[in-house]
Amino acid sequence: MIDLNELQYFVQVAQARSFTAAGAHFGVPKSSVSRAIAALEQRLGVRLIERTTRSMALTEAGEIYLERCRRVIEEAELADLSIGTMQAAPRGRLRIGAPIAFARFMLGPRLAEFARRYPELRVQLQITAGESTPQQANLDVLIRPGPLEDSSLLARPLATIELGLYASPSYLKGRKLPKTPADLSQLDALITACGPLGQPAEQTIWRLHRGKDVQEVRVEARLSVPDPTINHQLALDGAGVAILAQHGAAQAVAKK
């Protein structure tokens, strides 16, 4: 196995024409440099440096090996530099997966500014569903709601999505407004819940929080569409009551 430390020691000795100077350059004892060169020569099976008490010189094999080693070290330094440059200014391709609602309401409005900030980065946004992993979906970053069950993945909390029940004024006009969670079962529920095979569900349970108080109400689906953005539009069009992300509903609420 090639030891890059041995190559670096050899190049520095050849350039400085001194084991002592090479050791000082790397901050190690002269003996460490000497042992490294001896190990390198033993592995190669040739003498690279002719040593005397007064001087040292490269052998013919040493001259040839020096030229090759310089290239190897230059490539290694360029490799380090390229990674450092990538970290300083992101470049290349970034593949992001996100649910459609998050992509539309959270990522979409920010993508243009993100692209301007990192002009050397190419972004590919993929709409995802289910519990696939980044590796399965061929993604660099996967955004999904809820706790992370696969502990082998590196996760970071990105945002807290606050949900709420929403209905348009046109739908609520002339109807008795609910006073308790149980009253919601009398309204037309717009749900996004899916069955085990991804098919729209006929009913779901809405879990409602007020402080530490949590109440659940089972609702029958008036319209069942497993797409939060369509559900959002259905609520705007007066089709019923839907659980929507507050940040997505905020603009429509402000207009009303």
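Residues numbered from 1 in each chain as written. Predicted model: local features only at pLDDT ≥ 70, side-chain atom pairs only at ≥ 80, totals over all residues. Heavy atoms only, no water.

## Description of the side chain of glutamate 6
Along the chain, the position of glutamate 6 falls in helix 1 (residues 4–16). The charged side chain of glutamate 6 is buried without a salt bridge, its nearest counter-charge being arginine 43 at 4.0 Å. Excluding its chain neighbours within four sequence positions, the residues that come into contact with glutamate 6 are Ala36, Ile37, Ala39, Leu40 and Arg43. (Helix = DSSP H or I, 4+ residues; strand = E, 2+ residues; numbered from the N terminus. Buried < 20%, exposed > 50% of the residue type's maximum accessible area, 1.4 Å probe, protein only. Lys, Arg positive; Asp, Glu negative; His and termini not counted. Salt bridge = Lys/Arg side-chain N within 4 Å of Asp/Glu carboxyl O. Contact = heavy atoms within 4.5 Å.)

## Overview of a nonpolar patch on the surface
Side chains of Ile2, Leu4 and Val72 sit close together on the surface and give an oily, nonpolar patch of about 260 Å² of accessible area. Looking at where isoleucine 2 falls in the secondary structure, it is placed in the segment before helix 1. (Patch = residues over 30% accessible without salt bridge, like charges linked within 9 Å, V, L, I, M, F, W, Y side chains within 5 Å. Areas by Shrake-Rupley, 256 points an atom, 1.4 Å probe, with all protein chains shown as cover.)

## Some remarks on the packing of aromatic side chains
Under the counting rule described, the total for this entry stands at three aromatic pairs. A centroid spacing of 5.1 Å and a plane angle of 75° characterise the contact between tyrosine 9 and phenylalanine 26, whose relative ring orientation is edge-to-face. Of this pair, tyrosine 9 sits in helix 1 while phenylalanine 26 sits in helix 2 (residues 19–26), and the two are 17 residues apart along the sequence. For phenylalanine 26, a relative accessible area of 30% gives the class partly exposed. Above the face of the tyrosine 171 ring, arginine 175 is positioned so that its terminal group lies 3.9 Å from the ring centre. (Phe/Tyr/Trp six-rings, centres within 6.5 Å; stacked < 30°, edge-to-face > 60°. Lys NZ or Arg CZ within 6 Å of the ring centre and 35° of its normal.)

## A short note on the packing of helix 5 (residues 100–117) against helix 7 (residues 228–236)
Direction vectors running N to C along helix 5 and helix 7 enclose 70°, while the axes themselves pass 7 Å from each other. Between helix 5 and helix 7, the angle falls in the class roughly perpendicular. Contact residues: helix 5 offers Ile100, Ala101, Arg104 and Phe105, while helix 7 offers Pro228, Thr229 and His232. Per-class residue counts for the contact of helix 5 with helix 7 are four nonpolar, two polar and one charged. (Axes fitted to C-alpha atoms, helices over the stretch in contact; angles between N-to-C directions. Parallel < 35°, antiparallel > 145°, perpendicular 65-115°, else oblique. Nonpolar A, V, L, I, M, F, W, Y, C, P; charged D, E, K, R; others polar.)

## Points about the sheet that holds strand 5 (residues 141–142)
Strands sit in the order 4-3-5 across an open sheet of three strands; the sheet is parallel. Two strands lie at the open edges of the sheet, namely strand 4 (121–127) and strand 5, each paired on one side alone. With seven bridges joining them, strand 3 (residues 92–98) and strand 4 adopt parallel strand pairing. Within strand 4, the position partnered with isoleucine 96 by the bridge is leucine 125. Sheet strands touched by helix 5: strand 3 and strand 4. Its angle to strand 4, the strand with the most contacts, is close to 165°. (Pairing = 2+ DSSP bridges.)

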